[in-house]
Every structure is written in C-alpha cells, then in structure tokens.
Amino acid sequence: MKRLIEGFSHFHHHVFPSQRELFKKLAAGQSPSTMFITCADSRVMPEMMFNTQPGELFVYRNIGNIVPPYAQHVSGVVAAIEYAVRVLKVKHIVICGHSDCGAMKALQKPELVKEMPSVSAWMKHGDVAKYVVAQNNQGLSEHETLACLTRENVVGQLEHLRTLPVVAAGMARGDLSIHGWVYDIEHAEIEAFDAERGCFVKLDPNASKVPDATPHMRFAATAAA
Ligand SMILES: [Zn+2]
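All of the points below concern the structure found in this document. (Residues numbered from 1 in each chain as written. Predicted model: local features only at pLDDT ≥ 70, side-chain atom pairs only at ≥ 80, totals over all residues. Heavy atoms only, no water.)

With that settled, consider the coordination of the zinc ion. Around the zinc ion, the donor atoms from the protein are C39 (SG), H98 (NE2) and C101 (SG), and they sit 2.1 to 2.3 Å away. Between the donor residues of the zinc ion, the gaps in sequence give the motif C-x58-H-x2-C. The exposure class assigned to H98 is buried, which follows from its relative accessible area of 0%. The exposure class assigned to C101 is buried, which follows from its relative accessible area of 1%. (Donors = N, O, S within 2.8 Å, 3.2 Å for Na, K, Ca; no water. Buried < 20%, exposed > 50% of the residue type's maximum accessible area, 1.4 Å probe, protein only.)

Moving on, we get to helix α7 (residues 127–136). When we look at burial in α7, the residues that qualify are D127, A129 and V133. One face of α7 carries all of its buried residues, which in axial projection span an arc of 160°. Projecting away from the buried face of α7 at angles above 90 degrees are the exposed residues Y131, Q135 and N136. The inward-facing, buried residues of α7 contact α5 (102–108) and α8 (142–161). (Helix = DSSP H or I, 4+ residues; strand = E, 2+ residues; numbered from the N terminus. Arc of directions from axis to C-beta. Contact = heavy atoms within 4.5 Å.)

Taking strand neighbours across the sheet as the criterion, the six strands line up as β2-β1-β3-β4-β5-β6 in an open arrangement whose pairing is mixed. A strand with exactly one partner marks an edge of an open sheet, and here the two such strands are β2 (57–62) and β6 (199–202). Each strand axis lies, on average, 25° off the axis of its neighbour in the sheet, ignoring direction. Relative to strand β4 (residues 177–184), strand β3 (residues 92–98) runs parallel, the two being bridged by seven bridges. Directly across from I93, in β4, lies its bridge partner I178. Where α8 meets the sheet, it contacts β3, β4, β5 (189–194) and β6, and its direction lies at approximately 160° from that of β4. (Pairing = 2+ DSSP bridges. Axes fitted to C-alpha atoms, helices over the stretch in contact; angles between N-to-C directions.)

A surface patch of nonpolar side chains, amounting to about 390 Å² of accessible area, comprises M1, L4 and I5. Tracing the sequence through the fold places I5 in helix α1 (residues 2–15). Exposure remark for I5: the relative accessible area of 55% places this residue in the exposed category. (Patch = residues over 30% accessible without salt bridge, like charges linked within 9 Å, V, L, I, M, F, W, Y side chains within 5 Å. Areas by Shrake-Rupley, 256 points an atom, 1.4 Å probe, with all protein chains shown as cover. Salt bridge = Lys/Arg side-chain N within 4 Å of Asp/Glu carboxyl O.)

A separate point is the layout of surface pockets. The computed volume of the largest pocket comes to approximately 600 Å³. F11, V15, M45, E47 and M48 are, among the 16 residues lining the largest pocket, the residues nearest its centre. Taken together, the elements giving at least two residues each to the lining of the largest pocket come down to α1 and α3 (46–49). Among the elements that line the lining of the largest pocket, the one with the most residues is α1, at six residues. Its volume calculated, the second largest pocket comes out at about 410 Å³. Lining the second largest pocket are 18 residues; nearest its centre among them are S99, A147, R151, V182 and D184. Breaking the lining of the second largest pocket down by element, the ones donating at least two residues are α8, β4 and β5. Among the residues making up the lining of the second largest pocket, the classes are represented as five nonpolar, five polar and eight charged. (1 Å grid on protein atoms, 1.4 Å probe; cavity = no way out; pocket = protein on both sides within 12 Å on 5 of 7 lines; lining within 4 Å. Points joined across faces, edges and corners; volume = space filled by probe spheres on them. Nonpolar A, V, L, I, M, F, W, Y, C, P; charged D, E, K, R; others polar.)

Written out as structure tokens, the structure is:
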C-alpha cells in the first residue's frame, strides 16, 4: 500500500501540475471515443500501451476480456457497454486479449480453477473458443493451442458483443464499429482480427485501413434520428 500512496504523491506533485487545464476540463465530464475491454491482468496497461490521456479511453477489465451474451447473464461489462454506447456515444469498441493469459490457461486446463467456483462459472463464457479450437485445431502444441484459444476467445466475445441490442443497432446504422485485438506482452505487438480476411493481422500504423470486425452497415446513419 505504501507503494501506491507514494505513487499518488508523485502524480499529485509532478504530473498533475503540468496538466491542470486538462483535469479542469475533465472534472466537468468525459467524451471518450473508444471503449476498450480487456483482461484484468496487471501486465496489460491500456493507457500506457496507447499513450492516451485521461478521458480518451473508456476501459473495462475483467478476467479473460469476456462479454457474456445478451439475456444470458446481466453483468457489469454488459451494463458498461450499454452506457458507453447510449450515453458516451463511443464510436469503437475494442475487445483485447493478451499473451500468457491465465484465463485462457483455465480454458485449456479447467482443473486449474476447479477450486474456484466463481471463476469456473465465469469461464463458461469462453466455451465458444474452447470448442472452436478443440474441433478445428488438432495437433497443435500446448503453446500454440493457448495462442489459438486467445484469438478465438476474442472472436467469440465479439460475437457475444453483437448480441447486445444497443451494439447491433449501432453497427447496423454504421456509427459503431467493433474490433478484436490480441496484445503480445513480450514483444509489444498487437494483432487485429480482420473479419473480411477471416484472420488476425499485425496492427500496422502505416496501413491505409485499420482491420475491423464490423459487418457492413445496413442503414444510413441519418436513419438513427
Ligand atoms: Zn488475461
């Protein structure tokens, strides 16, 4: 705890003074353009990874970057998504998994969490990835299977995300897009799910188009009024 208190003292005395105007503005409200859903893992720090300022990212974290399907499970993440889309009017939702994820290891070896009934129950939402990998990727090493599970979990949670009415409506209008990423901790790289190509590709800052997982819009944005 001492580490946190000293850290806050450093922030208060050395970081805050140079950004007083930003914090004064933020004291009156937020308008982030992106909701970022990622794992609770302490090694994943979105604000550091994307060099963002306070107010830029609406971050939600849970074990395994999971979004339960609509109507199956009322959860904090689903409530946060509704709020982000309806009130904050975010334009993008990113679901980001990561390398060496303990939750994905639990999907791979459920016995690791058998003494944790809540974690076991929560990880049921990752079954979609477990089955996709088990039935389509035989013969992979343990390490390769973990990487495959991590990607497929992101794809599966994107599908769950689309079951939320508020998300489906925003995507149909074309004013909300969703993205599935995997962050590699050791190499500081991100790969993104490209729905058109059906695969993950390295995130390239020089690419003309950011890969996204959003089907084409079906209604003009103006129809939303
Ligand atoms: Zn994780």
